Each structure stands twice: as structure tokens, then as C-alpha cells.
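Chain and residue survey
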Amino acid sequence: MSPVLSAAFWGFFSGGALILGAAIGFYYSVPNRVAASIMAFGSGVLISALSFELMEEAFQIAGLGATATGFLLGAIAYAGANRLLANQGAKHRKRSGNQQPSEQEDSGSGAAIALGALLDGIPESIVIGLSILHGGAVSIATVAAIFLSNLPEGISSSIGMRKSGRSASYVFGVWITIAIACGLSSLAGYVVFDSFSPMVVAATTAVAAGAMLTMIVDTMIPEAFAETHDWTGLIAVLGFLTSFSLTELAG
């Protein structure tokens, strides 16, 4: 498989976990605590991946200054965009309880939630394309980490969407669109940056990592802690260890 097709395929594959999670959350009665526990696990998985895969690679190529700058810029960009969407009704887009507003309660919140889901998925997917540029082949550990984090996101968010009265066509329309966007974002991560220097690619990887960590803290961990409380840290540690093990075994 050519690198271009590989970038698109693995981006869509990792994004497809959102569709699978949405189907589980929408059609099956998943207890909130179970959904939150999976979310905590996914948080740990992503934190490990961005620490040992993304930031380490960026640092080795670009050095501390460029890596730190990119990391902070990614965090600031995500936080600003997330704040705008939160004010439009997307604040609780990953929550599995009754926190998500219905369209009747907050007009325009459906579009904001969809845009928020897109905002969450793009940095992760770009990283997949960049990982091919870094090593010549996709990072299986990175793909596995993103897939394992997307699954609980799809479960939890679709439960919340269903409870707020949103239809199956809305829920699956959102996640199918996001999965396609993930494939395109991964493809863009490879094609757009193919002509750039390794320094620029590394700095961009750090930007994506900063956005991902901000997303985890702002949207995933609150959902996890709201239901699992004192168990959140332990479950996240298990996710971290799983991802760390995949990284070491793949290496």
C-alpha cells in the first residue's frame, strides 16, 4: 500500500472506532459508570501515546525550544476553539448523562456538538499522517492508541446525544462524517507536510500533541471522573500502561 493510501486508510480506521462506539452507545444500554470507565482508560492511552510517541519524536528532531513552542501553541489553539464551541452548547459533548442540551433547549447546540467532535478528532488524525513521514510507515502504537480512545468517546457521546433526544440519523451522520474527516486529515498530514523539512513536521507533531492533551483534560477526564470518582486515576493508569506496552513492543 502506498504511503498516501496508508495515511488515508489508517486515519479512517482509527476514526471508524467512533462509529463503532456510537452504535454501542446508541443501541445498547451501557451504564454511565461503564462508559466513564472506558473514557478514563482511553484518557490514559492517549496520554501515553502523546508522551512516548509524539513528544519524544518531536524533541529528538526539533529540540526542546521548537517542541515546547509547538506544544503550547496547539494547546492554546484548541482551548480557544473549544471555549467558543462550549458557549454554543458543545460543552458536554462527551458526557453520557443528561448534560447535553437538546435543540429545543439550546438552538444551534447540535451543530456545535458536531463541530466539537470534529475539533477533537482532527489533531489525532493529522498525527497518523505525520507518523508515516517520520518513520516511512504508520506507527501502529499511535493508531492503536487513537482507536482505543475513540471507542469510548463514541460510546459516551452517543449516549448523551440519545438522552438529549437526538435522532439516530443525527448521531450516525455526525460520526460517519467525523470518521471520513479523520481519514482526510490523516491524508492531509502526509500530503501537505511531505515537502516540508523534518523540523517543521516535528514541530507540527508537537502542536497536535498539545491540542490532544488539552482535549483530554477539558473533555475526557471530566466525563470519567463524574462517574468513576476515586477509580478514575487507577483506570487511566491501566490505559497508560497498555499504550506504553504497545509502544515498547512495536519499537
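In this text the structure is predicted, and so the values were computed from the model without any measurement. (Residues numbered from 1 in each chain as written. Predicted model: local features only at pLDDT ≥ 70, side-chain atom pairs only at ≥ 80, totals over all residues. Heavy atoms only, no water.)

Observations concerning the overall build of the protein chain
Counting its secondary structure elements, the protein chain contains seven helices and zero strands. In summary, the protein chain has a C-alpha radius of gyration of 17 Å against a globular reference of 18 Å for 251 residues, a match within 12%. In terms of overall dimensions, the protein chain has C-alpha extents of about 50 × 35 × 35 Å along its principal axes. Evaluated residue by residue, the protein chain yields a buried proportion of 49% over its 251 residues. With an accessible surface of roughly 10600 Å², the protein chain has 70% of that area assigned to carbon and sulfur atoms. (Helix = DSSP H or I, 4+ residues; strand = E, 2+ residues; numbered from the N terminus. Rg over C-alpha atoms; globule rule 2.2 N^0.38 Å. Buried < 20%, exposed > 50% of the residue type's maximum accessible area, 1.4 Å probe, protein only. Areas by Shrake-Rupley, 256 points an atom, 1.4 Å probe, with all protein chains shown as cover.)

Considering helix 6 (residues 198–228)
End to end, helix 6 covers 41 Å across 31 residues, agreeing with the expected 45 Å (1.5 Å per residue, within 8%). The largest bend in helix 6 amounts to roughly 40° and is located at Ile-221, with the proline Pro-222 lying one to four residues further along. (Expected span 1.5 Å × (residues − 1). Bend = angle between axes of the 7 residues up to and from the residue.)

Brief notes about the packing of aromatic side chains
For the coordinates displayed, the defined rule picks out 10 aromatic pairs. Taken together, Phe-9, Trp-10, Phe-13 and Phe-147 form an aromatic cluster joined through their ring pairs. Arg-166 extends its terminal NZ or CZ atom over the ring of Tyr-170, reaching a point 5.4 Å from the ring centre. (Phe/Tyr/Trp six-rings, centres within 6.5 Å; stacked < 30°, edge-to-face > 60°. Lys NZ or Arg CZ within 6 Å of the ring centre and 35° of its normal.)

A short note on the UniProt feature "transmembrane region" (unreviewed entry) in the protein chain
Feature annotation in UniProt assigns "transmembrane region" (unreviewed entry) to the following positions: residues 7–28, 34–54, 61–81, 126–149, 170–193, 199–219 and 231–250. Annotated as 95% helix and 0% strand, the span residues 7–28 places its first and last C-alpha atoms 32 Å apart. Helix makes up 100% of residues 61–81 and strand 0%, with an end-to-end C-alpha separation of 28 Å. (UniProt positions renumbered as here; feature names shortened; annotations may be inferred.)

Here we look at helix 2 (residues 32–90)
Here helix 2 contains 59 residues, and its C-alpha end-to-end distance of 19 Å is more than 12% below the 87 Å for a straight helix at 1.5 Å per residue. Of all the bends in helix 2, the greatest, near 125°, is centred on Gly-63.

Considerations on the side chain of Thr-232
Residue position: Thr-232 is located in helix 7 (residues 232–250). Judged by relative accessible area, which is 9%, Thr-232 ranks as buried. Apart from the residues lying within four places of it in its own chain, the contact partners of Thr-232 are Ala-40, Ala-224 and Phe-225. (Contact = heavy atoms within 4.5 Å.)

Observations regarding the environment of Gly-239
Residue position: Gly-239 is located in helix 7. Through-space distance from the C-alpha of Gly-239 to that of Ala-145 is 9.1 Å; in sequence the pair is 94 residues apart. Apart from residues no more than four positions distant in its own chain, Gly-239 is found in contact with Phe-41, Gly-44 and Val-45.

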